[in-house]
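Observations on chain architecture
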Amino acid sequence: MAAFGPKQLDPAAIAAAYGPLDADPWLTTQRQAAAAAYADAPWPEFAKVTFHPWKLFGDGTAAGVTYPEGAPAAPAGVTIQPLLTAPAAVLAPFKPYLFHQTAPTDRLTAYHLAHLNSGFLIRVPDHFHSDQPLVLNTQLLAGVNAHRHLLLLVGRDAQITVVDHFTGEAGADSADSIVTEIVVGEDSRVDFANVDAFGANITAFVRRQAQVAANGILNWTAGVLNDGNIIADTSTNLVGTGSTADVKVVALATGKQVQGLNTRVTNIGRQTTANILQHGVILENATLVFNGIGHIVKGARGADAQQENRVLMLSRTAHGDANPILLIDENDVKAGHAASVGRVDASQMYYLMSRGLTKELAQRLVIRGFLGAVLTAIPLPAIQQQLIDTIERKLIHGQRIAHQQS
Amino acid sequence: MTDAKTKNTKNNEDLLSTVPTLDDDYDYGFSDDVTPVFSTGRGLTEDIVRIISKEKHEPQWMLDFRLKAYKIYRRMPDPDFGPDLSALDLDDMLYYQKATDKKYRNWDDVPETIKETFQKLGVPEAERRYLAGSAAQYESEMVYHNMKDEFEKLGIIFMDTDSALQQYPEIFKKYFATLVKPTDNKFAALNSAVWSGGTFIYVPAGVKTDIPIQSYFRINAENSGQFERTLIIVEPGASVNYVEGCTAPNYSSDSLHAAVVEVFVNDDAYCRYTTIQNWSKNVYSLETKRAQAMKNATMEWVDGNLGSKTTMKYPSVYLDGEGARGTMLSIAVAGAGVDQDNGARMIHHAKNTSSSIVSKSIAKDGGAVDYRGTVRFDRDSDGSFAHVECDTIIMDEKSRSNTIPYNTILNGNVSMEHEAKVSKISEAQLYYLMSRGIPENKATEMIIMGFVEPFTKELPMEYAVELNRLISYEMVGSVG
């Protein structure tokens, strides 16, 4: 479908086309509401990213995803259900939360909700504790538009690790949307890691939205290693008193791609703590935009919002943006941000090269160190290693290009 | 003042008595009953633009420029960011008012009421004591400008911008509106259509002055628009230090100050441009200030924003020559009903350029103070460096602050550091001071003074004293 998307969506046509996918007719009414909201909904905001002409719109009832390691399995006690085929009785406990954080208030979310073609509902009961991570390995198919929705509902005093890992199939283009809702209950701790490695043929809108109840902790690690153009919004609302979010983002941009990332934490409850750490590396002619947004709303007394955005530029023609934004409506707070953009540290390079390493290897080691602060926070060693391998592969490729240019 | 501060007193009461008493009113809120010798009345039409140009006996090209800008203004929207400007009634504004028939070079000749106003503001005294030159604008026109002979002899040109258009048409045309085009923003377009007054400074190659040249801008009538146009040209190897101050009477209805400032700092030249903006709380201050720094040139903005109802001002430096340097040092204080939306823009266009932005903001009594800035490294900015530091104190629970910096980097061979902090007054510092017998309001004031010191210490002494006094005044009643 063309850039800029359709002017409007017809709710009746959406219901006719997508209704047959839904086991519970309630889902179809949600699609219709989103379709009706679409025409007047504004574009989502990604400062300094011109994404409007991208091919972000594409329909189809086929799922657009496969599971290379089989359907995801949950640890005992945790339930995982496919979203669309869940009957009303299964859907019922999720309804108070489903689509609440991702209401169709922007054009792309509205489009996503109207066209949902795959998804999961995960429920972690109260008092559940496990060190065994729940891993979702998903491959986005070439030429099939995926609109995948995930709701992770974690009860009180629970603890779980979830890894949401995406790869892409090479081939024909597709326009995908990946939207996730996370609910962290009181006194619970969730370690959530998403590793996005969509292929060059995939243009995507990614939105992940979390809310954290009193004394809840959300440790969020995001690896953004896509090859195509993407915009991704990672937002957390610290609703409950004493809740904490620790968000770490590592991103690598290569080729001619554009990756625009909003990483936002909103302090709503009292004594809430937000930390954002973003490290990015840009090679070749790529563009990487970090919009870090720390928002402390009125009444969030004692809130603490910190963020750090660091970008390494490895090519003269790279384009980087590090925009650390603080929006503070309360005075009894601590808020700070830091940002830096620069080259690979010359003294570190000198040290490594004086030990006989080649320039390329030295550069890769320095970069790995730079990204290490985030990489080591990835909860699963296998995924961590995969991420390191992907980064290594991209760096070697980028260095080769740089070498050919010079 | 007593000599108590030199003694090692047992308690600090004596020391406290040395801190000046705080006023609790805006000192400059008085107004004069001056009937203008010429006014275009309320509102703005194309005819008024023609009348302004005719009244000034301008060449045809300037009239054409104004008319073109007027058309641009008519179709330009308000900025899509920052404070709400919907309450600003542009149809009720007085766009051009001339208070005197001529311009004076001696205070004795200035009409009595206007002279008194500037005396109350301390302008003639400051000129005698520490300025190389001084100018005063009242409503739309400069009423006074003078420069000491010794500086005139160096070939420095210092006059109002209207006179410069008549007397130095070639230099004028070469630079005018080349940095800030009418299409830049709505208020730059409006200024271009109705501009009047402002300062023109030309410093010939190699001429250096450390002693400041000052202009003072005063709005007197209610619902006035002041649209001065300032043009500063610093030729290679020259240097200039320019200072401007602004005040207006208190009225219940709004006035508008929409200046355009263009500064050209040529190779190896230096310019420092200091503004102490202390408009009354019924003035919208919507400014466009821009400088161009060529090879190895230095441009420094020093920008103090204490007053106004709403300020939108983001002075910029286009670092267009290799090795150029740009700095911004600013403070903003927003009290009740005030929205200060300030910042800076540093655009690195050439190799080995450097920039520094240091911004200190204070919000109190429900005021809003925002930092909004841009650092941009373009493709050809190899070896350039930028440093940004934004610190904000929010004094009470009614006040708020946004920090919105955009850092765009299009060259891999540059570096940038950015830091910002937002907090309340440090409780540890307050506790320390109060445990030594200093009451809370005085302790708060001392902490604030320490916070803004990096700014005040860059000001000429007389300004630093004045600024400290103004900040003390702003702090009155902020505690308890």
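Residues numbered from 1 in each chain as written. Chains lettered and ligands numbered in written order. Predicted model: local features only at pLDDT ≥ 70, side-chain atom pairs only at ≥ 80, totals over all residues. Heavy atoms only, no water.

Labelled according to an unreviewed UniProt entry, chain B appears under the name SufB, originating from Schleiferilactobacillus shenzhenensis LY-73. As stated in UniProt under Sequence similarities (unreviewed entry), the record for chain B gives "Belongs to the iron-sulfur cluster assembly SufBD family." (UniProt positions renumbered as here; feature names shortened; annotations may be inferred.)

Under an unreviewed UniProt entry, the name given to chain A is SUF system FeS cluster assembly SufBD core domain-containing protein, and the source organism is Schleiferilactobacillus shenzhenensis LY-73. On record in UniProt, under Sequence similarities (unreviewed entry), the comment for chain A is "Belongs to the iron-sulfur cluster assembly SufBD family."

1. Some remarks on the overall build of chain B
Along its length, chain B carries 12 helices and 26 strands. Relative to the globule expectation of 23 Å for 480 residues, the C-alpha radius of gyration of chain B, 22 Å, shows essentially globular dimensions. The burial tally for chain B puts 62% of its 480 residues in the buried class. Pairs at least 24 apart in sequence give 83% of the contacts found in chain B among residues at least 6 apart. The centroid of the 52 positive side-chain charges in chain B is displaced by 3 Å from the centroid of its 71 negative side-chain charges. (Helix = DSSP H or I, 4+ residues; strand = E, 2+ residues; numbered from the N terminus. Rg over C-alpha atoms; globule rule 2.2 N^0.38 Å. Buried < 20%, exposed > 50% of the residue type's maximum accessible area, 1.4 Å probe, protein only. Contact = heavy atoms within 4.5 Å. Lys, Arg positive; Asp, Glu negative; His and termini not counted. Charge placed at Lys NZ, Arg CZ, Asp CG, Glu CD.)

2. Details of the environment of F65 of chain B
Residue and element names in this part refer to chain B. By secondary structure assignment, the location of F65 is in helix α3 (residues 60-75). Judged by relative accessible area, which is 16%, F65 ranks as buried. It is 10 Å that separates the C-alpha atoms of F65 and K181, two residues lying 116 residues apart in sequence. When residues no more than four places from it in sequence are discounted, the contact partners of F65 are F176, A177, P182 and S192.

3. Regarding the pairing of strand β20 (residues 339-342) of chain B
Residues and elements named next belong to chain B. Burial along β20 is two-sided: the residues D339 and D341 and Q340 and N342 are all buried. Taken together, the 4 bridges between strand β17 (residues 310-313) and β20 define a ladder with parallel strand orientation. Note that in β20 the partner of T310 across the bridge is D339. (Pairing = 2+ DSSP bridges.)

4. Observations concerning the packing of aromatic side chains
Per the counting criterion, the structure on display carries 28 aromatic pairs over all chains. Here W43 of chain A and F57 of chain A contribute two aromatic rings whose centre-to-centre distance is 6.0 Å and whose plane-to-plane angle is 70°, an arrangement assigned as edge-to-face. Pair noted here: W43 of chain A is in the loop between α2 (25-38) and β1 (65-66) and F57 of chain A is in the loop between α2 and β1, with a separation of 14 residues, a long-range link. Ring geometry for Y242 of chain B and Y273 of chain B: centres 4.8 Å apart, planes at 65°, overall edge-to-face. Placement of Y242 of chain B in strand β10 (residues 239-247) and of Y273 of chain B in strand β13 (residues 270-277) is noted, with a sequence separation of 31 residues between them. A relative accessible area of 0% places Y242 of chain B in the buried class. Here Y273 of chain B falls in the buried class, since its relative accessible area comes to 0%. Above the face of the Y406 of chain B ring, K48 of chain A is positioned so that its terminal group lies 4.4 Å from the ring centre. Over the ring of F30 of chain B we find K120 of chain B, and its NZ or CZ is 4.0 Å from the ring centre. (Phe/Tyr/Trp six-rings, centres within 6.5 Å; stacked < 30°, edge-to-face > 60°. Lys NZ or Arg CZ within 6 Å of the ring centre and 35° of its normal.)

5. Examining the domain arrangement of chain B
All names here are of chain B. Under the domain assignment, chain B is made up of domain 1 (38-313) and domain 2 (427-479). In this structure, domain 1 and domain 2 have C-alpha centres spaced 31 Å apart. Counting from both sides, the interface comprises 14 residues of domain 1 and, opposite them, 10 residues of domain 2. By the criterion of area lost to domain 2, the three top residues of domain 1 are Y130, I276 and L306, representing 43% of everything that side buries. Along the contact surface separating domain 1 from domain 2 lie 1 salt bridge. Between the two partners, domain 1 and domain 2, sit 1 residue pair in polar contact (both at pLDDT 80 or more). For the side of domain 1 that touches domain 2, the elements supplying multiple residues, two or more each, are α5 (123-130), β13 and β16 (298-305). Counted by class, the side of domain 1 that touches domain 2 contains 6 nonpolar, 4 polar and 4 charged residues. (Domains from an automatic or database assignment. Buried area = accessible area lost by both parts, 1.4 Å probe. Salt bridge = Lys/Arg side-chain N within 4 Å of Asp/Glu carboxyl O. Polar contact = N/O pair within 3.5 Å; in protein donor to acceptor, adjacent residues only side chain to side chain. Nonpolar A, V, L, I, M, F, W, Y, C, P; charged D, E, K, R; others polar.)

6. Comments concerning unusual backbone geometry
Unusually for a residue other than glycine, Q271 of chain A sits at a positive phi of about 55°. Its location among the elements puts Q271 of chain A in the loop between β13 (258-267) and β14 (273-282). Phi at N296 of chain B is positive, roughly 55°, even though this residue is not glycine. Structurally, N296 of chain B is set in the loop between β15 (288-293) and β16. Classification of N296 of chain B by relative accessible area gives partly exposed; the value is 40%.

7. Describing the pattern of salt bridges
Counted according to the given criterion, the structure contains 45 salt bridges over all chains. The shortest N-O distance in the salt bridge between D78 of chain B and K186 of chain B comes to 2.9 Å. Of the two residues, D78 of chain B is situated in the loop between α3 and β2 (97-98) and K186 of chain B in helix α9 (residues 186-194); the sequence distance between them amounts to 108 residues. Across the pair K313 of chain B and D303 of chain B runs a salt bridge whose closest N-O atoms are separated by 3.1 Å. Residue K313 of chain B is found in strand β17, and its partner D303 of chain B is found in strand β16; the two are separated by 10 residues along the sequence. Here K313 of chain B matches D303 of chain B in class, with each residue buried. Beyond isolated ion pairs, a larger network of salt bridges with shared partners links R301, E330 and D332 of chain A together with E397, K424 and E427 of chain B.

8. Quick notes on the pairing of strand β19 (residues 325-334) of chain B
Residue and element names in this part refer to chain B. Most of β19 sits out of view: 9 of its 10 residues are buried. As judged from the 10 bridges shared by β19 and strand β22 (residues 354-363), these two strands associate in the parallel manner. For V333, the partnering residue across the bridge sits in β22 and is I362.

9. Structural notes on the environment of P20 of chain A
Residue and element names in this part refer to chain A. Locating P20 in the fold gives a position in the loop between α1 (11-18) and α2. Note on P20: relative accessible area 65%, which makes it exposed. The spatial distance from the C-alpha of P20 to the C-alpha of G185 is 33 Å, given a sequence separation of 165 residues.

10. Describing the interface of chain B and chain A
Frequently, the measure chosen for interface size is the accessible area removed from exposure when the parts meet. At the junction of the two partners, chain B supplies 33 residues and chain A supplies 35 residues. When chain B packs against chain A, the two sides together hide about 2700 Å² of surface, and 47% of this comes from carbon and sulfur. Counting every contact that joins chain B to chain A gives 3 salt bridges. A salt bridge links D332 of chain A to K424 of chain B, with the shortest nitrogen-to-oxygen separation between them at 2.7 Å. For the pair chain B and chain A, the number of links is 21 residue pairs in polar contact (both at pLDDT 80 or more). Listed by contribution, the elements that provide at least two residues to the side of chain B that touches chain A are β25 (400-409) and β26 (415-423) of chain B. In terms of residue class, the side of chain B that touches chain A is built from 11 nonpolar, 12 polar and 10 charged.

11. A short note on the UniProt feature "domain: SUF system FeS cluster assembly SufBD N-terminal" (unreviewed entry) in chain B
Within this structure's numbering, the places UniProt gives as "domain: SUF system FeS cluster assembly SufBD N-terminal" (unreviewed entry) are residues 153-214 of chain B. Helix makes up 37% of residues 153-214 of chain B and strand 18%, and the two end C-alpha atoms of the span are 18 Å apart.

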